[in-house]
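Close look at the chain arrangement
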Amino acid sequence: MVQNVFQRYEKKYILDRAQYRLLRQRLTGFMEADSYGLHTIRNIYYDTETDELIRTSLEKPHYKEKFRVRCYGEFKEEGMVFLEIKKKYRGVVSKRRAALPAAEARAYLEHVGRPEWEDFSEKNREEGAPLQILKEIDYFFTNHRVKPKVYLAYDRVALYGREDPEFRVTFDTNIRYRNQALSLDWDGGTTLLMGPEQYLMEVKVRDTLPLWFVRLLEELDIRSVSFSKYGRAYEKNLRAGVYSYADGRRICIC
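Structure report, in brief. (Residues numbered from 1 in each chain as written. Predicted model: local features only at pLDDT ≥ 70, side-chain atom pairs only at ≥ 80, totals over all residues. Heavy atoms only, no water.)

What follows concerns the overall build of the protein. Scanning the protein from terminus to terminus reveals 7 helices and 10 strands. Considering the protein as a whole, with its 254 residues, one finds that 47% of them fall into the buried category. A separation of at least 24 residues holds for 73% of the contacts in the protein among residues at least 6 apart in sequence. On the protein, roughly 13400 Å² of surface is accessible, and the fraction owed to carbon and sulfur atoms is 48%. (Helix = DSSP H or I, 4+ residues; strand = E, 2+ residues; numbered from the N terminus. Buried < 20%, exposed > 50% of the residue type's maximum accessible area, 1.4 Å probe, protein only. Contact = heavy atoms within 4.5 Å. Areas by Shrake-Rupley, 256 points an atom, 1.4 Å probe, with all protein chains shown as cover.)

Structure representation (C-alpha cells):
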C-alpha cells in the first residue's frame, strides 16, 4: 500500500565525494539500501505569480507550506503521479499526498480550485481515492492561486535503518532544474543546482536521531545545514533576473 501521510523531523547535510564514500562505508552495519537502488525523482513545484510561497519559506517562519507534483523514475502515461502538500511547523515536517494515475492527476489539476472539481472522476470515488487529501489540495489552490513554476529533478539512493526502518537517510546527486517546459516527461534542458562532486544528504526520523548516528556525524565532522532545493533554484533565478517564467494558463504534467 502506498503511504500517503508522513510526519517526521528532517535534517540536511552537504557532503563532498570523500565524505560520502566514507559515510556510506560506515553505515553498512546499521542501514540497508531500499529496493529501488539509484533512481530519479522528478518534480514540478507550484507557486504564486510573485513566488510568495518560496519567498516566505526563505524567511524561515515557524510555519511554511508548498505543493509539488512528483513521479519516480521515467514518466509513464500509465504510471502513478503524486500530488503532495508539504508543511513544516516548528521543525516538524508533515507531508500529505494523493497518488493518482497520470491521466487522472492531469484531469484533477485542470479543475482544481474550481467548483466542479469534485466531479473530475467518479471512478476515483468508487475506488477509494484519497478524497480528503484532494480536498486539502483544492483548498491550497483556492487560497494561494498557484501555478507551475520550476521543474526540479535529482538522482537518489535511500537507506533505512536495520533496527528502525522508519529512520531513513537519502543521498541526492545531480540535482537539476529548469524554468521552462514544465513537464515531467522530459529531463533535458536543465541546470545543475550544486557542484557535480556534491551530495545532499537528508535524514528523516520520527523522533530523535540514533545515538550511534550522532556520534558518527561528529566523528566525520559532518554538520547540518539549512538547504531547500526549490529555495536554491529560486535564489539562482533571482540572481539571473528571472521573476516570472511559467505560463499559468496551461498545466502540463505529461
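Right, let's talk about helix H6 (residues 211-219) for a bit. Structural remark: α-helix, 3.6 residues per turn; residues separated by three or four positions point the same way. All of the buried residues in H6 are Phe213, Leu216 and Leu217. Take H6 and look down its axis: the buried residues cluster within an arc of 100°, on one side only. Residues of H6 that are exposed and point more than 90 degrees away from the buried face comprise Leu211, Arg215, Glu218 and Glu219. Against the buried residues of H6 lie strand E1 (5-16), helix H1 (17-27), strand E8 (168-178) and strand E10 (198-205). With its phi angle positive at about 55°, aspartate 221 sits one or two positions after the end of H6. (Arc of directions from axis to C-beta.)

Honestly, that's just the spatial picture; any functional story needs more than this.
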